[in-house]
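The residues making up each chain are set out below.
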Amino acid sequence: MSKVSLEGQVAVVTGAARGVGELLARKLSARGASVALVGLEPDELKAVAERLHGDADHWHADVTDHVAMARVAREVKARFGKVDIVVANAGVATGGPFADSDPEAWRRVIEVNLIGSAVTARAFLPVLTESRGYLLQIASLAAITPAPMMTAYCASKSGVEAYAHCLRAEVGHKGVRVGVGYLSWTDTDMVRGADQEDVMRELRQRLPWPSNKTYPLGPAVDRIVAGIERRSSHVYGQWWLRGMQGIRGYLPGLIGTVGQREMRRFEPRLRGMRTGLVGAGGAADEQARATQRS
């Protein structure tokens with residue numbers, strides 16, 4: 001599909017306080033889009049909004065909250081007059097052996113990454129239908145291949161990939177396009193947080209090239225922006241991810257075999273691993289829920 005100019009478009013980005021969401025908001029704004037930032041950290045979102053080139057505003061909301069996200073959709077429409085693009089980017093992660101995982105953190109990864117994405121789409125589909133707009137669901141290499149020590153994250157990203165493919169078939173005849181964005185290990189707070197655990201870092205470094213590298217954030221987000229401009233069905237943050245699609249059927253068996261060997265190697269070091277949410281975004285999510293409970 002030919003490029004769609006972002007000038008005058010209105011884009012919503014969830015998880016926009018940092019990382020992929022923050023840089024994506026900046027790049028969309030630089031191309032002339034008005035941007036609505038959504039997330040759990042109002043001070044950080046306000047700071048991001050104030051640094052953007054054009055019109056921008058921010059909303060404090062938990063993407064898993066149906067009522068809150070429906071309110072955000074109404075208010076964004078009232079503020080900007082329309083919504084052309086929604087990027088469901090909000091996400092959290094946890095790592096470690098499933099048997100020893102924190103059940104609450106494991107569930108939260110599914111809630112934010114999968115349920116939160118569906119709640120976001122449900123809230124904004126009416127306005128995207130009006131504008132014949134574009135929904136981009138951020139998934140991951142974790143949707144393409146399983147990985148030991150990442151059960152919740154892989155399950156959630158496989159889930160959003162399947163959900164978005166299904167949704168594309170449902171809403172395409174209404175003029176709404178749906179894309180899935182894939183990212184490998186990218187230099188964000190989430191990945192740096194996971195790397196603080198020696199076992200997680202070493203396990204990743206033992207993956208075959210090119211999946212064992214951490215990639216710079218800027219070029220990955222540039223690829224996402226190009227995908228948004230083309231309303232692409234598939235957007236790849238790193239060039240080689242497209243090729244992974246052709247071999248994904250072989251990966252569960254391969255990972256099952258190699259993963260057993262690696263887990264045996266790391267077994268003595270697994271005890272005592274932190275299994276909560278990782279990175280600054282994970283900490284913000286835990287803080288927001290603690291505040292809500294108090």
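Residues numbered from 1 in each chain as written. Predicted model: local features only at pLDDT ≥ 70, side-chain atom pairs only at ≥ 80, totals over all residues. Heavy atoms only, no water.

Turning our attention to the overall build of the chain. Each helix and strand in the chain was counted, giving twelve helices and seven strands. Taking 19 Å as the expected radius of gyration for a compact globule of 294 residues, we find that the chain reaches 19 Å, a close match to that expectation. C-alpha extents for the chain along the principal axes are approximately 55 × 50 × 30 Å. Sorting the 294 residues of the chain into buried and exposed places 52% on the buried side. Expressed as a percentage of contacts within the chain between residues at least 6 apart in sequence, the contacts between residues at least 24 apart total 71%. Separation of charge centres in the chain, based on 38 positive and 31 negative side chains, amounts to 6 Å. (Helix = DSSP H or I, 4+ residues; strand = E, 2+ residues; numbered from the N terminus. Rg over C-alpha atoms; globule rule 2.2 N^0.38 Å. Buried < 20%, exposed > 50% of the residue type's maximum accessible area, 1.4 Å probe, protein only. Contact = heavy atoms within 4.5 Å. Lys, Arg positive; Asp, Glu negative; His and termini not counted. Charge placed at Lys NZ, Arg CZ, Asp CG, Glu CD.)

Here we come to the layout of surface pockets. In this structure, the second largest pocket encloses a volume near 170 Å³. Lining the second largest pocket, in full, are L40, H60, A61, D62, D65, A68, R71, R108, A288, R289, T291 and Q292. Elements supplying a minimum of two residues to the lining of the second largest pocket: helix 3 (66–80) and helix 12 (279–293). Top contributing element to the lining of the second largest pocket by residue count: helix 12, with four residues. (1 Å grid on protein atoms, 1.4 Å probe; cavity = no way out; pocket = protein on both sides within 12 Å on 5 of 7 lines; lining within 4 Å. Points joined across faces, edges and corners; volume = space filled by probe spheres on them.)

At a minimum axis separation of 12 Å, helix 4 (residues 103–131) and helix 12 run at an interaxial angle of 100°. With respect to helix 12, the axis of helix 4 lies roughly perpendicular. Between helix 4, through E104, R108 and V112, and helix 12, the contact on the second element is made entirely by D285, R289 and R293. For the contact of helix 4 with helix 12, the per-class residue count stands at one nonpolar, no polar and five charged. (Axes fitted to C-alpha atoms, helices over the stretch in contact; angles between N-to-C directions. Parallel < 35°, antiparallel > 145°, perpendicular 65-115°, else oblique. Nonpolar A, V, L, I, M, F, W, Y, C, P; charged D, E, K, R; others polar.)

Interaxial distance between helix 4 and helix 6 (residues 151–171) falls to 7 Å at its minimum, and their mutual angle equals 20°. In terms of their interaxial angle, helix 4 and helix 6 are classed as roughly parallel. Considering the relative orientation of helix 4 and helix 6, their crossing is right-handed. Each of W106, V109, I110, N113, L114, S117, A118, A121 and L125 in helix 4 lies in contact with helix 6, whose residues at this interface are T151, A152, Y153, A155, S156, K157, G159, V160, Y163, L167 and V171. Of the residues belonging to the contact of helix 4 with helix 6, the class tally is 14 nonpolar, five polar and one charged. (Left-handed = near helix turned anticlockwise from the far one by under 90°.)

Within helix 8 (residues 198–205), burial applies to V199, M200, L203 and R204. Down the axis of helix 8, the buried side of the element spans an arc of 130°, and every buried residue falls inside it. (Arc of directions from axis to C-beta.)

Attention now goes to the pairing of strand 5 (residues 134–138). The element strand 5 is extensively covered by neighbouring structure, given that five of its five residues are classed as buried. Across four bridges, the pairing between strand 4 (residues 85–88) and strand 5 is parallel. Opposite V86, over in strand 5, you have L135 as the bridge partner. (Pairing = 2+ DSSP bridges.)

Let's shift gears to helix 11 (residues 251–266). Over its 16 residues, helix 11 extends 21 Å from the first C-alpha to the last, a length consistent with the 22 Å expected when each residue adds 1.5 Å. When the local axis directions of helix 11 are compared, the greatest deviation, roughly 25°, occurs at G259. Along helix 11, the positions that sit buried rather than exposed are L251, G259, E262, M263 and F266. Close packing links the buried residues of helix 11 with helix 5 (141–144), helix 8 and helix 10 (241–244). (Expected span 1.5 Å × (residues − 1). Bend = angle between axes of the 7 residues up to and from the residue.)

We now examine the packing of aromatic side chains. The geometry of an aromatic ring pair is captured by two quantities: the separation of the ring centres and the angle between the planes. In this structure the tally under the stated criterion is five aromatic pairs. A ring pair is formed by W209 and W239, whose centres lie 6.5 Å apart and whose planes are at 50°; its orientation type is tilted. Pair noted here: W209 is in the loop between helix 8 and helix 9 (217–229) and W239 is in the loop between strand 7 (234–236) and helix 10, with a separation of 30 residues, a long-range link. On the accessibility criterion, W209 (60% relative accessible area) is exposed. (Phe/Tyr/Trp six-rings, centres within 6.5 Å; stacked < 30°, edge-to-face > 60°.)

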